[in-house]
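Overview (structure and organization)
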Amino acid sequence: VQLQASGGGLVQAGGSLRLSCAASGRTFSSYAMGWFRQAPGKEREFVAAISWSGGSTYYADSVKGRFTISRDNAKNTVYLQMNSLKPEDTAVYYCAAAGVVGYQGYEYDYWGQGTQVTVSS
C-alpha cells in the first residue's frame, strides 16, 4: 500500500483543516488506518485511528471532540477533519496503514510522506 497525505497548511487558531490520505492498491479496505503527528523536537504521537470498516474510531485525548477521522473505501481515502485548531496542533501529520488498529507507530506497516500543519496564535 502506498499512501499520499495532503491538505496541510497554515491556519489561525480556532480554524479548521481537512487532511486526506489517498491509498493505492485494491486492499485499502482491509487495513485499519491511523493518523500520527510529530512536532519539532518532540516524539511522534498518535492522533486518531479507524477500523477497516469505519465502524470504530479512536482518538488521543488531546484531540477528542475537535478532530474526526473517517474513510471512504470506495475512494481509497482516509480523512482527518480538524476543527478548533490550537497552536499546539502544529506538526507534520502522517497517515499510516495497519492490519489492526493500534496506538503505537510500530504497529503500522505503511506510512505516507507527511503533510505540514501550522496553527498560528
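This text follows the structure it describes.
Below or above, wherever it landed, is the structure these notes cover. (Residues numbered from 1 in each chain as written. Predicted model: local features only at pLDDT ≥ 70, side-chain atom pairs only at ≥ 80, totals over all residues. Heavy atoms only, no water.)

1. Re the overall build of the protein
- A tally of regular secondary structure across the protein gives 0 helices and 11 strands.
- The helix and strand sequence of the protein, counted from the amino end, reads β-β-β-β-β-β-β-β-β-β-β.
- Relative to the globule expectation of 14 Å for 121 residues, the C-alpha radius of gyration of the protein, 13 Å, shows essentially globular dimensions.
- In terms of overall dimensions, the protein has a C-alpha envelope of 40 × 25 × 25 Å along the principal axes.
- The buried share of the protein, taken over its 121 residues, is 44%. (Helix = DSSP H or I, 4+ residues; strand = E, 2+ residues; numbered from the N terminus. Rg over C-alpha atoms; globule rule 2.2 N^0.38 Å. Buried < 20%, exposed > 50% of the residue type's maximum accessible area, 1.4 Å probe, protein only.)

2. Some remarks on the state of the cysteines
- What the rule picks out here adds up to 1 disulfide.
- For C21, the disulfide goes to C95, at an S-S distance of 2.1 Å. Disulfide C21 to C95: torsion about the S-S bond roughly 65°, handedness right-handed. Of this pair, C21 sits in strand 3 (residues 17–23) while C95 sits in strand 9 (residues 91–98), and the two are 74 residues apart along the sequence. (Disulfide = S-S within 2.5 Å.)

3. A word on the sheet that holds strand 8 (residues 77–82)
- Pairing in this open sheet of 4 strands is antiparallel, and the strands run 1-3-8-7 from one edge to the other. A single partner strand is all that each edge strand has here, and the edge strands are strand 1 (3–6) and strand 7 (67–72). This sheet shows a mean twist of 15° between the axes of neighbouring strands, independent of strand direction.
- Bridge count between strand 3 and strand 8: 6 bridges; the pairing is antiparallel. Paired with L17 across the two strands is M82, which belongs to strand 8. (Pairing = 2+ DSSP bridges. Axes fitted to C-alpha atoms, helices over the stretch in contact; angles between N-to-C directions.)

4. Notes on the environment of S30
- As for its position among the elements, S30 is in the loop between strand 3 and strand 4 (32–38).
- Since its relative accessible area comes to 43%, S30 is described here as partly exposed.
- Remark: the alpha-carbon pair of S30 and A97, spanning 67 residues in sequence, is separated by 9.5 Å.
- Residues contacting S30, with those up to four places away along its chain left out, are W52 and G99.
- Separated by 2.6 Å, the side chain of S30 and the backbone oxygen of T27 make a polar contact. (Contact = heavy atoms within 4.5 Å. Polar contact = N/O pair within 3.5 Å; in protein donor to acceptor, adjacent residues only side chain to side chain.)

5. A short note on the nonpolar core
- Core analysis: the largest hydrophobic core is formed by 36 residues, its most contacted members being M33, W35, L80, M82 and Y93.
- Per-element tally for this core: the top contributor is strand 9, with 6 residues. (Core = buried A, V, L, I, M, F, W, Y, C linked by side-chain atoms within 4.5 Å.)

6. Some words on the side chain of R37
- Relative to the helices and strands, R37 resides in strand 4.
- Using a relative accessible area of 5% as the deciding quantity, one classes R37 as buried.
- Of the polar contacts made by the side chain of R37, one reaches the side chain of Y93; its length is 2.9 Å.
- If near-sequence neighbours (up to four positions away) are discounted, R37 is found in contact with E43, R44, E45, V47, S62, V63, F67, E88, D89, A91, V92 and Y93.

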